[in-house]
Amino acid sequence: MPTSITAPSAFLHPVYSLLFGEDRADIAALHTPTIAIVFAVLLLFQLIDVFSGGSLHALGLRPRDFPIGFVGLLVSPLVSASFSMFFFNALPFYISFHYLLARGGTNLLLVLTCIGSGIGGILTWIMARQASHFCGLGPLICTYCFYLLPSIYYTGDKRETAIGVLCYSAMVVFTVLFSMEPRMVSWEGYVLCSLLGGGFRLYSISSEIPNDVVWNKVPNDVVCEEEDEADLLEDDLSDGEVKGPDSL
């Protein structure tokens, strides 16, 4: 992991402070190379699909078709229905992905990604209409955003909920208005992944699963109790006599 902020990351630091909060701006900047690699891989798949005449579309997720249709479980998250759909979904995906990486850490992001692409993909394969589904970034955006939505109620963090609402709304608007083939969009996958993302957040809250030390807000009474214990320990050490060699 890099130990210093690179020049491009430092240039974007004010943007990171606005999006992720001043306390996480430096961490978000350190994750910039990771974000660049993720987008490079996604863009590579889109370009391969475009310049091969849509050859990857043959590997779309086809419900209840085994084994060929099930292969789309691995490919469909990487291929959008059209390049315009990938282009317009890139921004909400970047913001939600980078926010979760900076605020919740790698483990939380991996869990949510597996839930969205894995469990969401399997449920789409089982329940969706008979068609060739190209999930692309949409289901992952739904998973990430619906995980963030309950934050204003449970943690009082308005920024998290606002990012969830804005990214989700942008994804839906971009998909409806700018996608060349909206009928090829896996709307079932969108709905299922939204339910999975929100459901996992509610489950993690009810089960008190720690996401990250900074992510969960520490109650004031716990902070005060820890400070009082530290003060008592310091007083005990200052009142006690430390014996040196001369006292022996």
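This text follows the structure it describes.
Computed from a predicted structure; not experimentally measured.

Enquirer: Looking at this model, I keep getting lost on the nonpolar core. Mind explaining?
Expert: The biggest cluster of nonpolar side chains holds 39 residues, and the ones touching the most others in it are F93, L100 and Y144. When residues of this core are traced back to their parent elements, those giving at least two are α2 (13–20), α3 (25–30), α4 (32–51), α6 (83–104), α7 (106–127), α8 (138–148), α10 (158–178) and α11 (187–206). Ranked by residue count, the leading element in this core is α6, at 11 residues. Contacts of F93, omitting those with residues within four sequence positions, involve V38, F39, L42, L137, L140, I141 and Y144.

Enquirer: Hey, could you run me through the packing of aromatic side chains in this one?
Expert: Two measures describe an aromatic ring pair: the distance that separates the ring centres and the angle between the ring planes. What the rule picks out here adds up to nine aromatic pairs. On the numbers, 6.2 Å between centres and 35 degrees between planes, the contact of F93 with Y144 is tilted. With F93 in helix α6 and Y144 in helix α8, this pair connects stretches of sequence that are 51 residues apart. In this structure, R201 is placed above the aromatic ring of Y147, and the distance from its NZ or CZ to the ring centre is 4.7 Å.

Enquirer: Would you mind going over α4 with me for this structure?
Expert: Because an α-helix packs 3.6 residues into every turn, residues spaced three or four apart end up facing the same way. Here α4 is 20 residues long and its end C-alpha atoms lie 28 Å apart, about the 28 Å a rise of 1.5 Å per residue gives. Within α4, the full set of buried residues consists of T32, I35, F39, L42, Q46 and D49. Projected onto a plane normal to the axis of α4, the buried residues spread over an arc of 115 degrees and lie on a single side. Opposite the buried face of α4, by more than 90 degrees, sit the exposed residues I37 and F51. At the exit of α4 stands G53, carrying a positive phi of roughly 70 degrees.

Enquirer: Looking at this model, I keep getting lost on the state of the cysteines. Mind explaining?
Expert: Among covalent bonds in proteins, the disulfide is the one between the sulfur atoms of two cysteines. The tally for this structure, following the rule as stated, stands at zero disulfides. No disulfide involves C193; its sulfur sits 6.7 Å from that of C142, the nearest cysteine.

Enquirer: So what exactly am I meant to see when it comes to the side chain of S96 here?
Expert: If you trace the backbone, S96 turns up in helix α6. By relative accessible area, which is 0% here, S96 ends up buried. Among the polar contacts listed, one links the side chain of S96 to the backbone oxygen of P92, at a separation of 2.8 Å. Among the polar contacts listed, one links the side chain of S96 to the backbone oxygen of F93, at a separation of 3.2 Å. If we skip the residues at most four places from it in the chain, S96 touches Y144, C145 and C167.

Enquirer: It is not clear to me how a nonpolar patch on the surface should be interpreted in this structure. Could you clarify?
Expert: Among the surface-exposed residues, L43, L47, V50, F51, F83 and F87 lie close enough to one another that they form a single nonpolar patch of about 590 Å² accessible area. Secondary-structure elements contributing two or more residues to the nonpolar patch are α4 and α6. A per-element tally of the nonpolar patch places α4 first, with four residues. Mapped onto the elements, L43 comes out in helix α4. Among the residues examined, L43 registers a relative accessible area of 35% and is labelled partly exposed.

Enquirer: When you look at α8 in this model, what are you seeing that I'm missing?
Expert: Of all 11 residues in α8, 10 are buried; the element is thus mostly enclosed. Within α8, the full set of buried residues consists of G138, P139, L140, I141, C142, T143, Y144, C145, Y147 and L148.

Cut-offs and rules
Residues numbered from 1 in each chain as written. Predicted model: local features only at pLDDT ≥ 70, side-chain atom pairs only at ≥ 80, totals over all residues. Heavy atoms only, no water. Core = buried A, V, L, I, M, F, W, Y, C linked by side-chain atoms within 4.5 Å. Buried < 20%, exposed > 50% of the residue type's maximum accessible area, 1.4 Å probe, protein only. Helix = DSSP H or I, 4+ residues; strand = E, 2+ residues; numbered from the N terminus. Contact = heavy atoms within 4.5 Å. Phe/Tyr/Trp six-rings, centres within 6.5 Å; stacked < 30°, edge-to-face > 60°. Lys NZ or Arg CZ within 6 Å of the ring centre and 35° of its normal. Expected span 1.5 Å × (residues − 1). Arc of directions from axis to C-beta. Disulfide = S-S within 2.5 Å. Polar contact = N/O pair within 3.5 Å; in protein donor to acceptor, adjacent residues only side chain to side chain. Patch = residues over 30% accessible without salt bridge, like charges linked within 9 Å, V, L, I, M, F, W, Y side chains within 5 Å. Areas by Shrake-Rupley, 256 points an atom, 1.4 Å probe, with all protein chains shown as cover. Salt bridge = Lys/Arg side-chain N within 4 Å of Asp/Glu carboxyl O.

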